[in-house]
Amino acid sequence: MKKNVYDQVENFYSQDLLWEPVIKQEWVEGFLRQKAWQGLDDNRLKELWKQIELFIMYLNYADNDDLNEITVAEYSFAIEWLGERVSGFKATLKRVQHLFNALIDFYSYLFDK
């Protein structure tokens with residue numbers, strides 16, 4: 001049985017993590033619900049979640065606990081880090097645009113909250 005995006009988010013946040021993700025589960029779920037109301041299907045929602053999940057992994061690595069303090073240089077380093085450590089992540093223009101478009105949408109949601 002294929003899990004929907006909300007199951008994937010729940011699974012991620014219900015793990016026994018040794019760290020507290022800076023991006024809260026309620027933010028991610030609210031963002032995805034908003035996108036679902038706007039008509040995105042589950043596959044597109046899963047793509048958005050994957051981008052946010054990758055960014056959460058980087059934030060954990062960088063020990064960053066404040067989204068407001070991330071610099072342009074740190075975003076650049078995040079791309080480099082993801083390219084080196086995440087299987088299948090290639091730091092191409094198209095791939096990086098995909099990640100940043102998802103993050104911009106997510107940040108816009110948080111800003112409007």
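As shown above, the structure is provided for reference.
Let me begin by describing the structure that accompanies this report. (Residues numbered from 1 in each chain as written. Predicted model: local features only at pLDDT ≥ 70, side-chain atom pairs only at ≥ 80, totals over all residues. Heavy atoms only, no water.)

To characterise two packed helices, one gives the angle between the axes of the helices and the distance between these axes. Two elements in contact, helix α3 (residues 42-62) and helix α4 (residues 72-85), have axes whose closest approach is 10 Å; the angle formed by their N-to-C orientations is 105°. Our classification of the angle between α3 and α4 gives roughly perpendicular. On α4, the residues that touch Leu 54, Phe 55, Met 57, Tyr 58, Tyr 61 and Ala 62 of α3 are Glu 74, Tyr 75, Phe 77, Ala 78, Trp 81, Leu 82 and Arg 85. (Axes fitted to C-alpha atoms, helices over the stretch in contact; angles between N-to-C directions. Helix = DSSP H or I, 4+ residues; strand = E, 2+ residues; numbered from the N terminus. Parallel < 35°, antiparallel > 145°, perpendicular 65-115°, else oblique. Contact = heavy atoms within 4.5 Å.)

The contact between α4 and helix α5 (residues 93-112) brings their axes to 12 Å, and the two run at 130°. For the element pair α4 / α5, the angle class is oblique. Remark: the crossing between α4 and α5 carries right-handed chirality. Here Tyr 75, Ile 79 and Leu 82 of α4 come into contact with α5, specifically with Val 96, Leu 99, Phe 100 and Tyr 107. (Left-handed = near helix turned anticlockwise from the far one by under 90°.)

What follows covers the packing of aromatic side chains. For the coordinates displayed, the defined rule picks out twelve aromatic pairs. Between the aromatic rings of Phe 55 and Tyr 75, the centroid separation amounts to 5.8 Å while the plane-to-plane angle is 5°, which identifies the pairing as stacked. Pair noted here: Phe 55 is in helix α3 and Tyr 75 is in helix α4, with a separation of 20 residues, a long-range link. Where Tyr 61 meets Phe 77, the ring centres are 6.4 Å apart and the plane angle is 25°; that geometry is what we call stacked. With Tyr 61 in helix α3 and Phe 77 in helix α4, this pair connects stretches of sequence that are 16 residues apart. (Phe/Tyr/Trp six-rings, centres within 6.5 Å; stacked < 30°, edge-to-face > 60°.)

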